[in-house]
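Secondary and tertiary structure notes
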Amino acid sequence: MSQPISSTTSTHCYHCGADCEDTIIKHDDKPFCCEGCKTVYTLLQDNQLCNYYDLEKNPGLSPKSNFYAGKYAYLDQTDIRTQLIEFTDGTQTHVNWLLPQMHCSSCVYLLENLHRLHAGVRSSSVNFPEKKVRVVIEENAIKLSELAELLARIGYEPYLSLQDAEQAPKTSPNRARIYKIGVSGFAFGNIMMMSFPEYFGLGDLGNDPQLRLFFNAFNVLLALPVFFYGASDFFVSAWKSIRERYLNIDAPIALAILVTFARSLYEISMQTGAGYLDSMTGIVFFMLVGRYFQDKTYSAISFDRDYKSYFPVAVTLLERKTESVAATETAQKQILVSDLLPGDKILIRHKELIPADARLISERAMIDYSFVSGESAPVEKTRNESIYAGGRQIGGAIELEITKKVSQSYLTQLWNNDAFVQKNKQKEGEMVNTINRYFTWIVLGLGVLALAYWGLTGDLPRGINAITTILIVACPCALLLSDTFTNGNILGLFGRYKFYLKNARVIENLAKINTVVFDKTGTLTLPDAGEVKFVGKTLTGFEKDIVFSLTSQSSHPLSKLITKSLVGAMKEELVQHFKEVEGKGLEAYLGDDCVIRIGAGQWVSETPQEFQTLAGEASRVYYRFGEDVLGYFEIRNRYRPDLHATIVALQQKNYQTYLLSGDHTTDVAYLGQLFGRNRLFFNQKPEDKLKFIESLQQQGHQVMMIGDGLNDAGALVQSDVGVAVSDNLNNFSPACDGILDGSHLTQLPQYIRLARAGRRIVVQSFVISLVYNVIGLSFALTGTLSPVVAAILMPASSISIVLFTTLASRWAAWRIVPKGIQ
């Protein structure tokens, strides 16, 4: 229990350090200045995370000394608020703020439990490497200014910059690390120079104790800033891991530095030797240089991932202000979403993604924000209202004006939302975690054994040298880096080849695939090429206009072919209450009671038995006008070039191939030659496709599903790897693990080979790392390896792994992927 106590003397709050001037709130025998500070402490205490206070004294922000009423009131101004939020639908608002004070796992826990500190916070998730937190708040329960106050009161004042909101922040090098490299390098060089007489027996230091003492004292002065400043990152990292009851890879490095420094001070103070300060400063210098280049390489890979790669997803451009193009049907053209500019007017059809923040030009829209907010209920928008990136239009086509450029990193972030990741796809890095868990203990054990052995044989200095070099030379860094850098390079190469994968996890799953399931329409067929003719009653111009009014609002490949065939039809909307039923077709009303349907025969007609036996070598899309079925559009598909060679190449590598189609039985002769008649499945509803994938997985198959992302989202999620094929279509979906440019579908066998090559490169680099560690340890155990040499070898091994994985992955791509694709 806690109770307020009157204060007559100055007492500091345990959480924030402020003076408890009026009332002290006692809890757990600790003083707090307010209920807010006590609540934060209780939250951490309940989860055994009070080491938060050990890592930094009084980490909370004092509300009395650093906060004043109205400090964050400007965040509620409409123009500023608009620049700082990522999304809002009027009910919930998303922000992504930088919190520089974030420093440990307790911080992560606290920040991800903001909802327990304020009921208006729905959820919060931390990106620890970038020190950012994404917070979802209830619009009517907490203001942005109040959220900023809440964060400030618990010690995480957000860094808010309108300049950062207007343009992508520029990444600057880690200046602190550069300074530490400079200090360590300066000290290392000078200590080496001052130690030359010791190395080569020059001068008469042995007979001049004062000169010897001067040189040694000068070396100690040079080594102090290296030990306390240059090596601080290693000590802090190791201490934090110990507080969390595990040992990270910095723990043995910190111990080696400590042993070397302590041993040197002992020898110098006892005048038994010159110590090993050159080794200690060399260890720090070379380790910092190695970490610097490691970070630079990793940053280069991340940059390539976020900004050089692109989504092969297109959008329909209606008008661009910089061009003299009228907003007419003939002005429509497909462009990549990455090429959109503010001011562009675009057309968004049913279930198409809104790729960037925009203003609604049409009278009304129903936007599904489940991709962003998780809320499935569509939000109604009216003319001139703002619409945020990541939403989907439900219903008829709408026109938008882009207000912000497309953010590739934002779309990638949405795509990687764990809410859209199947549980069976979340296991990764088990081998790396196992190595990290046991490697340090094994190294410490070997070091202790070497020290004990040489100590018992009467050569203690050699034993100390052995444990020091063992702690330095044996490091799992290279083992851990091999997976990261190989996958990073493979991701970049795939992006260059127009195969955009969600993350590195997909590469691992892709390498295990043994079964490939294809959708037909829009996947194996060309979406913009086909022969279309109408069979039945001759259509009037008005009846054609009705068809055009429906099909032009759909992104389905067959709808696009029909729209393309109706040359001269009017664009004006003639129907209302547009609806697209997955796996069946399109429906709308002319007036209040005249139903219009275009789609599958059994759905269009009220007497489905007349369509049950229809089959042939063409797809059929039936047209119902009121009570009458006027006929059907017969569409003869054109298949992708080299499709036969692609399927055969997969089968020759022992991949099992299947075809699933929502269409009725068509092109059986051609497709039967490719897949085998017993592996063709037609009239498959979306739920049937999902169940088929499940049945294959239950039989032990590792399944890749290749679809168009329209009617097979469930199957894409269920499969081990789900790939959506894109041909100038806006079918970007959170359900898929990858998006493949349709023109590169024929390269699928090569892409799977490249993924497998990537896994082999990881294994090879692991072997190289193990060989390095075995050789290094064998020399270190003898006590003959110099600590400085060990400090050079350790970062050199990491750099060599980076070079190997980069060159090996590029060589594999050059060897596997055809030159025309590269």
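Residues numbered from 1 in each chain as written. Predicted model: local features only at pLDDT ≥ 70, side-chain atom pairs only at ≥ 80, totals over all residues. Heavy atoms only, no water.

Quick look at the overall build of the protein
Scanning the protein for helices and strands turns up 27 helices and 29 strands. Per-residue burial for the protein yields a buried fraction of 53% across its 822 residues. Looking at the protein alone, contacts between residues at least 24 apart form 67% of all its contacts between residues at least 6 apart. (Helix = DSSP H or I, 4+ residues; strand = E, 2+ residues; numbered from the N terminus. Buried < 20%, exposed > 50% of the residue type's maximum accessible area, 1.4 Å probe, protein only. Contact = heavy atoms within 4.5 Å.)

What about a positive patch on the surface?
A contiguous patch of positive charge on the surface is contributed by Lys653, Arg753, Arg756, Arg760 and Arg815. Along the chain, Arg753 turns up in helix H26 (residues 748-781). (Patch = residues over 30% accessible without salt bridge, like charges linked within 9 Å, V, L, I, M, F, W, Y side chains within 5 Å. Areas by Shrake-Rupley, 256 points an atom, 1.4 Å probe, with all protein chains shown as cover. Salt bridge = Lys/Arg side-chain N within 4 Å of Asp/Glu carboxyl O. Lys, Arg positive; Asp, Glu negative; His and termini not counted. Charge placed at Lys NZ, Arg CZ, Asp CG, Glu CD.)

Focus on the sheet that holds strand E20 (residues 576-581)
Overall, antiparallel pairing links the 6 strands, which are arranged E19-E24-E23-E22-E21-E20 in an open sheet. The two strands at the open ends of the sheet, each matched to only one other strand, are strand E19 (525-536) and E20. Ignoring which end each strand starts from, the neighbouring axes of this sheet average 20 degrees apart. Relative to strand E21 (residues 585-590), E20 runs antiparallel, the two being bridged by 4 bridges. Bridging across to E21, Lys579 finds its partner in Glu587. Across the sheet, helix H20 (residues 557-565) lies against E19, E21, strand E23 (619-625) and strand E24 (628-639), angled at about 65 degrees from E19, the strand it touches most. (Pairing = 2+ DSSP bridges. Axes fitted to C-alpha atoms, helices over the stretch in contact; angles between N-to-C directions.)

Structural notes on the pattern of salt bridges
Where charged atoms of side chains with opposite charge meet at close range, the side chains can pair. Enumeration according to the criterion identifies 18 salt bridges in this entry. Residue Arg383 pairs with Glu363 through a salt bridge whose shortest N-O separation is 2.5 Å. Of this pair, Arg383 sits in the loop between strand E13 (379-382) and strand E14 (386-387) while Glu363 sits in the loop between strand E11 (358-360) and strand E12 (364-368); the two residues are 20 residues apart in sequence, bridging distant segments of the chain. By sharing partners, the salt bridges in this structure join Lys533, Glu634 and Arg636 into a single network.

Some details on a nonpolar patch on the surface
Together, Val763, Val767, Val771, Ile775 and Phe779 line one region of the surface with nonpolar side chains, adding up to about 440 Å² of accessible area. Turning to its location among the elements, Val767 is positioned in helix H26. The class of Val767 is partly exposed, set by a relative accessible area of 44%.

Thoughts on the sheet that holds strand E26 (residues 680-681)
A sheet is described by the order of its strands in space; here 7 strands give the open sequence E17-E29-E28-E27-E18-E25-E26, paired in mixed fashion. Of all strands in the sheet, those bounded by a partner on one side alone are strand E17 (499-501) and E26. Each of strand E18 (515-519), strand E25 (656-660), E26 and strand E27 (703-707) is contacted by helix H24 (residues 686-698), which is oriented at about 170 degrees to E18, the strand it contacts most.

Examining the pairing of E18
Taken across its 5 residues, E18 has 5 buried, putting it largely inside the fold. Of the two faces of E18, the one lined by Thr515, Val517 and Asp519 and the one lined by Val516 and Phe518 are each fully buried. Examined bridge by bridge, E18 and E25 share 5 bridges and lie parallel to one another. By the bridge assignment for E25, Val516 is matched with Thr657.

Some thoughts on the nonpolar core
Of all hydrophobic cores here, the largest spans 49 residues; its most connected members are Leu111, Leu147 and Leu400. At 6 residues, helix H5 (residues 144-153) tops the list of elements feeding residues into this core. With residues near it in sequence (within four places) discarded, Leu147 still touches Val95, Trp97, Val121, Val135, Ile137 and Ile142. One finds Phe494, Ile513, Leu524 and Ala757 within the second-largest nonpolar core, a separate group that totals 46 residues. (Core = buried A, V, L, I, M, F, W, Y, C linked by side-chain atoms within 4.5 Å.)

Things to note about the packing of aromatic side chains
Overall, the coordinates contain 19 aromatic pairs when judged by the stated rule. Judged by centre distance (6.5 Å) and plane angle (75 degrees), the rings of Phe534 and Tyr623 are edge-to-face. Taken together, the residues span a long stretch of sequence, with Phe534 in strand E19 and Tyr623 in strand E23 at a distance of 89 residues. Each ring, one from Phe534 and one from Phe633, has its centre 4.8 Å from the other, and the planes form 65 degrees; the classification is edge-to-face. Residue Phe534 is found in strand E19, and its partner Phe633 is found in strand E24; the two are separated by 99 residues along the sequence. Given a relative accessible area of 3%, Phe633 falls into the buried group. Among the aromatic residues, those joined into a ring-pair cluster are Phe227, Phe228, Phe235 and Phe261. The ring centre of Tyr229 lies 5.5 Å from the NZ or CZ of Lys180, which sits over that ring. (Phe/Tyr/Trp six-rings, centres within 6.5 Å; stacked < 30°, edge-to-face > 60°. Lys NZ or Arg CZ within 6 Å of the ring centre and 35° of its normal.)

Topic: the environment of Val535
By the secondary structure assignment, Val535 is in strand E19. Owing to a relative accessible area of 28%, Val535 belongs among the partly exposed residues under this scheme. Taking the C-alpha atoms as reference points, Val535 and Glu634, 99 residues apart in sequence, are found 6.8 Å from one another. Contact partners of Val535, with chain neighbours within four places excluded, come to Leu630, Gly631, Tyr632 and Glu634.

Considering helix H22 (residues 643-652)
Taken residue by residue, H22 has Leu643, Thr646, Ile647 and Leu650 as its buried positions. Each buried residue of H22 sits inside an arc of 90 degrees when the element is viewed along its axis, so together they form one side. On its buried face, H22 is in contact with E18, E24, E25, helix H23 (668-675) and H26. At the C-terminal side of H22, Asn654 shows a positive phi close to 70 degrees. (Arc of directions from axis to C-beta.)

Focus on the packing of helix H19 (residues 541-551) against H20
Packed helix pairs are specified by the crossing angle of their axes together with the interaxial distance, meaning the distance between the axes. The interhelical angle for the contact between H19 and H20, taken along N-to-C directions, is 140 degrees, at an axis separation of 9 Å. On the basis of their axis angle, the class for H19 and H20 is oblique. Handedness of the crossing formed by H19 with H20: left-handed. Residues Val547, Phe548 and Thr551 of H19 form the contact with H20, whose own contacting residues are Ser559, Ile562 and Thr563. Looking at the contact of H19 with H20 residue by residue, the class counts come to 3 nonpolar, 3 polar and no charged. (Parallel < 35°, antiparallel > 145°, perpendicular 65-115°, else oblique. Left-handed = near helix turned anticlockwise from the far one by under 90°. Nonpolar A, V, L, I, M, F, W, Y, C, P; charged D, E, K, R; others polar.)

Describing the packing of helix H18 (residues 504-511) against H26
One can describe the packing of H18 onto H26 by two numbers: an axis separation of 8 Å at closest approach and a directional angle of 105 degrees. Judged on the interaxial angle alone, H26 and H18 are roughly perpendicular. Residues Ile507, Glu508, Leu510 and Ala511 of H18 lie in contact with H26, whose contacting residues are Tyr751, Ile752, Ala755, Arg756 and Arg759. Of the residues belonging to the contact of H18 with H26, the class tally is 6 nonpolar, no polar and 3 charged.

Details of unusual backbone geometry
Trans peptide bonds make up most of the peptide bonds, and negative phi angles are found at most residues other than glycine. Non-glycine residue His577 carries a positive phi angle of around 60 degrees. The residue His577 is located in strand E20 in this model. You will see that Asp642, though not glycine, has its phi angle at about 65 degrees, which is positive. Exposure remark for Asp642: the relative accessible area of 56% places this residue in the exposed category.

A few points about the confidence of the model for the protein
On average, the protein scores 76 in pLDDT, and the residues at 70 or more come to 73%. Within the model, the stretch residues 51-65 combines pLDDT values under 50 with 51 contacts to residues more than four positions away or in other chains. Confidence over residues 426-430 falls short of pLDDT 50; this stretch has 6 contacts with residues more than four positions distant or in other chains. (pLDDT = per-residue confidence, 0-100.)

Let's talk about the environment of Ala755
Looking at the element boundaries, Ala755 is found in helix H26. A C-alpha to C-alpha distance of 9.0 Å links Ala755 and Lys512, two positions 243 residues apart in sequence. Those residues within four positions of Ala755 in sequence are excluded, and the remaining contacts are Phe494, Ile507, Leu510 and Ala511.

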